[in-house]
Amino acid sequence: GAVVSQHPSWVICKSGTSVKIECRSLDFQATTMFWYRQFPKQSLMLMATSNEGSKATYEQGVEKDKFLINHASLTLSTLTVTSAHPEDSSFYICSARDSQDYEQYFGPGTRLTVT
Amino acid sequence: GQNIDQPTEMTATEGAIVQINCTYQTSGFNGLFWYQQHAGEAPTFLSYNVLDGLEEKGRFSSFLSRSKGYSYLLLKELQMKDSASYLCAAVSNDYKLSFGAGTTVTVRA
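Keep in mind that this is a model prediction, so the values were computed, not measured.

Membership of the largest hydrophobic core comes to 25 residues, with the highest contact counts inside it found for V4(A), W35(A), F67(A), L79(A), Y92(A) and L112(A). Elements with a minimum of two residues in this core: strand 2 (10-13), strand 3 (19-25), strand 4 (32-38), strand 5 (45-51), strand 7 (67-73), strand 8 (76-81), strand 9 (90-97) and strand 11 (110-114) of chain A. Not counting the four nearest positions on each side in its chain, F67(A) is found in contact with R37(A), M47(A), Y58(A), V62(A), L79(A), T80(A), V81(A), D88(A) and Y92(A). Counting 21 residues, the second-largest nonpolar core is a separate cluster that includes V18(B), L78(B), C88(B) and A90(B).

What follows is the structure, encoded as structure tokens:
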């Protein structure tokens, strides 16, 4: 149980375009979903926290107009990287938790390359 | 703010034991997670400690001392497949995880 999927697993896009990444909890209802970014040889950095039906809470230094997060249902959250630039190239990972405990279940990640 | 410290790298021989230490200073602390991450993959859960003491799960054990802000992950009978990055993460009462930079463990034959 507790499976989280992400789509796509990798994407290459041109500078200036937008990319949408989906995160789904497959067998549980996710009270909260989290979005992380990981640059090579660095740890995961929390970008934002989203709760179903409400606006996402962004961490300091993360541009909310650039990284649009929508958590429309208890099983789906999306992250849209708008007007992507090469410096946005990174490994984006989502996680989800249900209401029962503190554990977060991680998706497999999305490798974004902006050319 | 949150401050999580762990060593950058460790090397050990196949069959040996390695202990990865983690110290933390966090507000609203509600437990300590350890994750394993292979290159290019998402983290996988290893352990969660919320109370002081040692939790053992097969070859992996994790220890927590809340009063000292200290945890360690013990890997026994090391195998080549254990070569990975090990992430220490503190969870706060708002459910957010704060990760350490990760410890890269290299297992040599």
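Residues and elements named next belong to chain A. Looking at the element boundaries, L26 is found in the loop between strand 3 and strand 4. With 21 residues separating them along the chain, L26 and S5 place their C-alpha atoms 7.1 Å apart. Leave out the neighbours within four places in its chain, and L26 touches V3 and S5.

In this complex, chain B contributes 20 residues to the contact, which on the side of chain A involves 20 residues. Among the residues of chain B in contact with chain A, Y95(B), K96(B) and F99(B) are the three that bury the most area, contributing 35% of the side total. Linking chain B with chain A are one salt bridge, by the criterion used here. As a salt-bridge pair, E59(A) and K96(B) come within 2.7 Å of each other at their nearest N and O atoms. Put simply, the parts of the chain that give the side of chain B that touches chain A at least two residues each are strand 4 (29-37), strand 5 (44-49), strand 9 (84-92) and strand 10 (97-99) of chain B. Ranked by residue count, the leading element in the side of chain B that touches chain A is strand 4 of chain B, at four residues. Considered class by class, the residues forming the side of chain B that touches chain A number twelve nonpolar, six polar and two charged.

What follows deals with the pairing of strand 7 of chain A. Residue and element names in this part refer to chain A. In this structure, strand 7 lies alongside strand 8, joined through five bridges in antiparallel fashion. Its bridge partner being in strand 8, S73 is matched across the sheet by L76. With antiparallel pairing between neighbouring strands as the criterion, strand 7 and strand 8 make up a hairpin whose turn holds two residues.

This paragraph deals with the environment of R37(A). Residue and element names in this part refer to chain A. Mapped onto the elements of the fold, R37 is located in strand 4. Each C-alpha atom, one on R37 and one on C94, is 8.7 Å from the other, the two residues being 57 residues apart in sequence. The contacts of R37, once residues within four sequence positions are left out, are S43, L44, M45, M47, F67, S90, F91 and Y92.

Another aspect to go through is the sheet that holds strand 1 (residues 3-5) of chain B. Residue and element names in this part refer to chain B. Taken together, five strands build an open sheet; the order of strands is 1-3-8-7-6 and the sheet is antiparallel. The open sheet has two edge strands with one neighbour each: strand 1 and strand 6 (53-57). Between one strand and the next, the sheet's axes are offset by a mean angle of 15°, whatever the strand orientation. Pairing analysis gives three bridges linking strand 1 to strand 3 (residues 18-25), with the strands arranged antiparallel. The partner of N3 across the bridge, within strand 3, is Q25.

To continue, consider the state of the cysteines. One pass over the structure, following the stated rule, counts two disulfides over all chains. Each sulfur of the disulfide joining C23(A) and C94(A) lies 2.0 Å from the other. Negative torsions about the S-S bond denote left-handed disulfides, and the value of about 80° found for C23(A) with C94(A) makes this one right-handed. Taken as a pair, C23(A) in strand 3 and C94(A) in strand 9 lie far apart in primary sequence, 71 residues in all. Judged by its relative accessible area of 0%, C23(A) is buried. A sulfur-sulfur separation of 1.9 Å characterises the disulfide bridge that pairs C22(B) with C88(B). Linking C22(B) and C88(B), the disulfide has an S-S dihedral of approximately -60° and is accordingly described as left-handed. Taken together, the residues C22(B) in strand 3 and C88(B) in strand 9 connect sequence positions 66 residues apart. Summary of cysteine pairing: C13(A) is not part of a disulfide, and the nearest cysteine sulfur, belonging to C94(A), is at 18 Å. On the basis of relative accessible area, C13(A) is assigned to the buried category, the value being 9%.

So, how was this worked out
- Residues numbered from 1 in each chain as written.
- Chains lettered and ligands numbered in written order.
- Predicted model: local features only at pLDDT ≥ 70, side-chain atom pairs only at ≥ 80, totals over all residues.
- Heavy atoms only, no water.
- Core = buried A, V, L, I, M, F, W, Y, C linked by side-chain atoms within 4.5 Å.
- Buried < 20%, exposed > 50% of the residue type's maximum accessible area, 1.4 Å probe, protein only.
- Helix = DSSP H or I, 4+ residues; strand = E, 2+ residues; numbered from the N terminus.
- Contact = heavy atoms within 4.5 Å.
- Buried area = accessible area lost by both parts, 1.4 Å probe.
- Salt bridge = Lys/Arg side-chain N within 4 Å of Asp/Glu carboxyl O.
- Nonpolar A, V, L, I, M, F, W, Y, C, P; charged D, E, K, R; others polar.
- Pairing = 2+ DSSP bridges.
- Axes fitted to C-alpha atoms, helices over the stretch in contact; angles between N-to-C directions.
- Disulfide = S-S within 2.5 Å.

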